[in-house]
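Take a look at the letters that make up each chain.
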Amino acid sequence: MIRQKAIEMVVKQGLDGFGVNRLAKAAGVSPATIYIYYKDKEDLIFQLGTDISKRMLADSLQDFDPDASFAEGLKKQWLNRMQFYLKHPLEVQFIEQIRYSNYYEEIQAELSKGFREVMGKFVHNAIERKELIPLPFEVYWSVAYAPMYQLIKFHNQGKTFTGRKFSLNDKTILQTLQLVLKALKP
């Protein structure tokens, strides 16, 4: 209950509106109970962010083979990431709230090593097999993943920025993925 309420509070009120006393009241426990599990507010946020990030990374790498073709590997990444984002929207919003804080920098430093190795191998293999043009990391990431994240945002909002109703479906996902693959091929 403490974890769930903390996530909800950070999502709704941001980091500035979050405090242990408020959390205790929302969770129906005493502040002392929270301090049994966490040293302080910072420790709680760090542990929540680390746990969610670990699950997000593990889910994105589930059944992912860095030796797969670029098209198959990117498709697997998209489907894995979409599944996590759609299944855990509150946790994703929590991570978005802390993304530009010192918490996130510490979390990323701790977790990204293994992920970087797997994804680095995947990208290197694709470039070597001439399935992917060599690009700076930021350009690659923007082209490869931003369209997927935008589809998720439209889906979660239930509409596009023009107000048109929107719901993700296989046809839209595959159509967008094919355009991304086309843009990244040599």
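The rules behind these values
- The residue numbering used here restarts from 1 in each chain and proceeds along that chain's sequence as written.
- Only residues with pLDDT of 70 or above have their local features reported here, since the model is predicted, and side-chain atom pairs are shown and tallied only from 80 upward, although totals for entire chains, interfaces and linings are computed over all residues.
- Only heavy atoms go into the side-chain values, all of them from the structure, while hydrogens and water stay out.
- Note on terminology: a nonpolar core comprises buried Ala, Val, Leu, Ile, Met, Phe, Trp, Tyr and Cys residues joined through side-chain atoms within 4.5 Å.
- Accessibility here uses a 1.4 Å probe with only protein chains present; expressed as a share of the type maximum, an area under 20% marks a residue as buried, one over 50% as exposed, and anything in between as partly exposed.
- Note on conventions: DSSP H or I runs of at least 4 residues are helices, E runs of at least 2 residues are strands, and numbering of each starts at the N terminus.
- Note on contacts: a residue pair qualifies if any of its non-hydrogen atoms lie within 4.5 Å across the two residues.
- Each salt bridge in this description consists of a side-chain nitrogen of Lys or Arg and a carboxyl oxygen of Asp or Glu lying within 4 Å of one another.
- The rule is short: rings of Phe, Tyr and Trp, with Trp giving its six-membered ring, pair when the centres are within 6.5 Å, and they are stacked under 30 degrees, edge-to-face over 60, tilted in between.
- For helices, the fitted axis covers only the stretch in contact; all axes are lines through C-alpha atoms, and the angles between them, taken along N-to-C directions, range from 0 to 180 degrees.
- Comment on the angle field: the value is read as roughly parallel under 35 degrees, roughly antiparallel over 145, roughly perpendicular from 65 to 115, and oblique elsewhere.
- Throughout, a crossing is termed right-handed when the near helix is turned clockwise from the far one, and left-handed when it is turned anticlockwise from it by less than a right angle.
- Under the scheme applied, nonpolar residues are Ala, Val, Leu, Ile, Met, Phe, Trp, Tyr, Cys and Pro; charged residues are Asp, Glu, Lys and Arg; polar residues are all the others, including Gly.

## Here's the deal with the nonpolar core
Within the largest apolar cluster, 55 residues are counted, with the highest numbers of intra-cluster contacts made by Leu44, Phe70, Leu74, Trp78, Phe94 and Tyr140. Looking at which element gives the most residues to this core, the answer is helix α7 (residues 102-128), with nine residues. Leave out the neighbours within four places in its chain, and leucine 44 touches Ile2, Ala6, Phe18, Leu23, Ile34 and Tyr38.

## What about the pattern of salt bridges?
Summed over the entire model, instances satisfying the criterion amount to six salt bridges. In this structure, the salt-bridge partner of arginine 99 is glutamate 96, at a minimum N-O distance of 3.0 Å. On the basis of relative accessible area, glutamate 96 is assigned to the partly exposed category, the value being 38%. Here arginine 129 ties to glutamate 131 by a salt bridge, and the two come within 3.0 Å at their closest N and O atoms. The exposure class of arginine 129 is partly exposed, given its relative accessible area of 37%. The class of glutamate 131 is partly exposed, set by a relative accessible area of 22%. Shared partners join several salt bridges into a network, and the residues in it are Arg3, Asp51 and Arg55.

## So, the packing of aromatic side chains
Taken as a whole and assessed by the stated rule, the structure comprises nine aromatic pairs. A centroid spacing of 5.4 Å and a plane angle of 20° characterise the contact between phenylalanine 70 and phenylalanine 122, whose relative ring orientation is stacked. In this pair, phenylalanine 70 sits in helix α5 (residues 70-87) while phenylalanine 122 sits in helix α7, placing the two residues 52 residues apart along the sequence. Exposure class is identical for phenylalanine 70 and phenylalanine 122. Each is buried.

## A closer look at the packing of helix α4 (residues 41-60) against helix α6 (residues 89-98)
Between α4 and α6, the least distance of the axes is 10 Å, while the angle of their chain directions is 125°. Accordingly, the angle class assigned to the pair α4 and α6 is oblique. Two packed elements cross with a definite hand, and for α4 against α6 that hand is left-handed. On α6, the residues touching Ile45, Leu48, Gly49, Ile52, Ser53, Arg55 and Met56 of α4 are Glu91, Val92, Phe94, Ile95 and Ile98. Taken together, the residues of the contact of α4 with α6 break down into eight nonpolar, two polar and two charged.

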